[in-house]
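Reading the structure
Below, each chain spelled out in residue letters.
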Amino acid sequence: MQQMILASVVAFLASIAASDSGWGTMTAAQIDQFKQSLGETDVNKFDAALARARAAAAAEEIPESRPGVDEPIIVPKTKSNLAEDTISQINTKTGVAPHLYHGDMILTNKQIDVVMPASGAASRKKRQAQWPAELWAGRTVYYTFATGAAALSARAKQVALLGIDQWRKATCISFVQSATAKNRIRFFKGDGCYSNVGMTGGVQDLSLGDGCETIGHAAHELGHALGFWHTQSRWDRDTFLNVILARIPAQWRDQFSKETSATNHNYGVTYDYGSIMHYDGRELSSTNQYYALTKLAPTYQDNIGSYILSFNEIVMMNAHYGCPTKCTSGATCLNGGIRNPRACNQCLCPSGWAGTQCAARPAGCGAALTATAAAQTTTIAAGSASMGQTNAFAMCNYLIRAPAGKKVQIVLTTLTNNECVDGCYHGGIEIKAMSDHRYTGIRKCCAEDKGTAIVSQGNVVPIIAFSRLNRPTTTITYKWVEATVVSTVTTAKIAGTKITY
Ligand SMILES: [Zn+2]
């Protein structure tokens, strides 16, 4: 009986949500274009499933959050006025977000049945293969660019090509431009940023509209087209992220629903806050409060919302496409590296490492630094002061080594010329303080973070400066400390607690 009442309430709410889903300020022609880009997907079926999910999420009882008990107290940082719109912000403004799964994905009819089943259907689907199952055949992605009115802007095309290049270099997936291949991605300028998930068959649209012309947005949408969901919807998400639903407007809560272990396979690769497939912590908030908090907040809070492919998701994409089977023998990779499926006698290295075995500092700008017992001061920076907004990141690599058996203590004394944004997507500093260098290190890009003190886990700490705007500069002091010193991060942005990791 109770279930029947609940079902009728959900159906009622779904009908309200469906009639109220809206298209923002989109014209009839724009709505038509969007619907065309859904391809074979049954628009009404998709809209109904989305409305059902939205209503169910909105009707769910939300436990009250207890700041300081269930979550650390983080003072919201003051965002730079150069903050760019995130994907869900863009898609909410244009009006397409309510018509897409988790804000920016088109699902096929089959995917709708499995991922957003109508009541009762879920149990029948339980034993099906791991999703997303739609791999590009022969590990080859064909793509084309729309022409005429739907053509990408010059900048969107550049970032699309940069995004392709990043995924290509890091995996065994080939990308071939073709206007005739049966299955292909068609890059076009739609209203917002969105894509299918995996290869769906035929021509599938990937939109990079106004606001989506960044390397981060392009590589993110390509991640979907290759088969990735959002990192924050991983089935094991709650182990790594506190999502405070009470701070998310009811109509957007369904964007934070989790996949199940039947629809989301992560190949044993851990959650990484630096994933390019991760939304930032307050993008849909109307109050500037964080609603997605890393369990290692505030230390890793600025990592979420990144524009840079994380090494862990590179490993995952390689596993998804069976790339490791290409190398039955080859290089011995250190520091968490894996054999490069394009050249098995070389390695793909976590950021901060290079060389055939991932044992060297990447060539170019940066420095090799030796920690001593006395504190030394140095400057960590990338880019140039005269550099305007660029499509790709400039990077400089630093490597601090302490004697074996010691740890490294680093204090950020000043952060200047930084643009403070969630995800540090304009640039900043990344400190790999964990011993496992596969993880994205601690990223900082806000002047307010001066005074942050870090004690590493190991005796070698790569530091990466990165920038796509000007020259973010961080002054640090560093020295070695005894291994008995607890590995911690202390910042000014948390009330009365040290984070031990
Ligand atoms: Zn997305």
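Each chain carries its own residue numbering, running from 1 in the written order of its sequence. Only residues with pLDDT of at least 70 are given local features in this predicted model, and only at 80 or more are side-chain atom pairs given and counted; all residues enter the totals for whole chains, interfaces and linings. Side-chain numbers here rest on the full set of heavy atoms in the structure, without hydrogens or water.

The next thing to look at is the overall build of the protein chain. Regarding its fold elements, the protein chain presents nine helices and 21 strands. Exposed residues in this analysis have more than 50% of their type's maximum accessible area, buried residues have under 20%, and partly exposed residues fall in between, with area computed by a 1.4 Å probe over protein chains only. Here the protein chain holds 501 residues, and the buried ones make up 54% of them. Contacts were defined at the residue level, with two residues in contact if any of their heavy atoms lie within 4.5 Å. Once local pairs closer than 6 in sequence are excluded, the contacts in the protein chain between residues at least 24 apart make up 77%. When the accessible surface of the protein chain is totalled, it reaches about 20,300 Å², and 54% of it is carbon and sulfur. Secondary structure elements follow DSSP: runs of H or I no shorter than four residues count as helices, runs of E no shorter than two count as strands, and numbering proceeds from the N terminus. What sets the accessible areas is the Shrake-Rupley method with a 1.4 Å probe; for residues, cover comes only from the shown protein chains.

This part takes up the side chain of His-278. Relative to the elements of secondary structure, His-278 occurs in the loop between β7 (241–243) and β8 (292–294). Identification of polar contacts relies on pairs of N or O atoms within 3.5 Å, with a donor-acceptor requirement for protein atoms, meaning one able to donate a hydrogen and the other able to accept it, and with residues adjacent in sequence counted only if both atoms are side-chain atoms. In terms of polar contacts, His-278 uses its side chain to reach the side chain of Tyr-271, at 2.8 Å. With near-sequence residues (within four places) excluded, His-278 lies in contact with Thr-231, Gln-232, Leu-241, Tyr-271, Tyr-273, Ile-304 and Gly-305.

Think of a 1 Å grid over the protein atoms and nothing else: a 1.4 Å probe that fits but is trapped marks a cavity, an open set flanked by protein within 12 Å on at least five of seven lines marks a pocket, and residues with an atom within 4 Å of a point count as lining. Grid points are joined across faces, edges and corners, and a volume is the space filled by probe spheres set on the points. Tallied over the full model, the rule gives five cavities of 30 Å³ or more. Size it by volume and the largest cavity reaches roughly 220 Å³. Every residue lining the largest cavity is counted, 22 residues in all, and those nearest its centre are Phe-228, Trp-229, Thr-231, Asn-266 and Met-316. Just so you know the grouping, Ala, Val, Leu, Ile, Met, Phe, Trp, Tyr, Cys and Pro go in nonpolar, Asp, Glu, Lys and Arg go in charged, and all remaining residues, Gly too, go in polar. Taken together, the residues that form the lining of the largest cavity break down as eight nonpolar, eleven polar and three charged. Within this model, the second largest cavity holds a volume of roughly 170 Å³. The wall of the second largest cavity is formed by 17 residues, among which Thr-86, Ile-87, His-278, Gly-305 and Tyr-307 lie closest to the centre. For the lining of the second largest cavity, the secondary-structure elements that each account for two or more residues are α4 (87–94) and α8 (215–226). If one sorts the elements of the lining of the second largest cavity by residue count, α8 sits on top with three residues. When the residues that make up the lining of the second largest cavity are grouped by side-chain class, the tally is five nonpolar, eight polar and four charged.

Moving on, we come to the coordination of the zinc ion. Ligating atoms shown are N, O and S within 2.8 Å of the metal, or 3.2 Å for Na, K and Ca, and water is not included, meaning a site may look less than complete. Here the zinc ion is held by the protein donor atoms Asp-104 (OD), Asp-104 (OD), His-220 (NE2), His-224 (NE2) and His-230 (NE2), which lie 2.0 to 2.5 Å from it. Mapped onto the polypeptide sequence, the residues donating to the zinc ion form the spacing pattern D-x115-H-x3-H-x5-H. Within this pair, whereas Asp-104 is found in the loop between α4 and β1 (105–106), its partner His-230 is found in the loop between α8 and β7, the two being separated by 126 residues in sequence. Overall, His-230 belongs to the buried group, its relative accessible area being 2%.

Moving on: the pattern of salt bridges. For this document, the term salt bridge refers to a Lys or Arg side-chain nitrogen within 4 Å of an Asp or Glu carboxyl oxygen. Applying the stated criterion across every chain yields a total of 17 salt bridges. Ionic pairing is found between Asp-422 and Lys-79, a salt bridge with its closest N-O pair at 3.8 Å. Of the two residues, Asp-422 sits in the loop between β14 (406–416) and β15 (427–431) while Lys-79 sits in the loop between α3 (43–59) and α4, which places them 343 residues apart along the sequence. Overall, Asp-422 belongs to the buried group, its relative accessible area being 4%. Here Arg-282 ties to Asp-422 by a salt bridge, and the two come within 2.7 Å at their closest N and O atoms. With a gap of 140 residues between them, Arg-282 in the loop between β7 and β8 and Asp-422 in the loop between β14 and β15 connect regions that are remote in the sequence. The exposure class of Arg-282 is buried, given its relative accessible area of 2%. By sharing partners, the salt bridges in this structure join Lys-77, Asp-302 and Asp-449 into a single network.

Right, let's get into the nonpolar core. Formed by 42 residues in total, the largest nonpolar core has its most connected members in Trp-167, Phe-175, Ile-185, Phe-187, Leu-208, Leu-222 and Leu-226. Counting only elements with at least two residues in this core, the list comes to α4, β2 (140–145), α7 (154–170), β4 (184–188), β6 (203–208), α8 and α9 (311–320). The element that contributes the greatest number of residues to this core is α7, accounting for six residues. Not counting chain neighbours up to four residues away, the residues in contact with Leu-226 comprise Trp-136, Val-141, Trp-167, Ile-173, Phe-175, Gly-198, Met-317, His-320 and Tyr-321. Side-chain atoms within 4.5 Å link the members of a nonpolar core, which is a set of buried Ala, Val, Leu, Ile, Met, Phe, Trp, Tyr and Cys residues. In terms of nonpolar packing, the next biggest core, distinct from the first, is built from 36 residues, Ile-380, Leu-412, Ala-465 and Tyr-478 among them.

As far as function goes, none of this settles anything; it's purely spatial.
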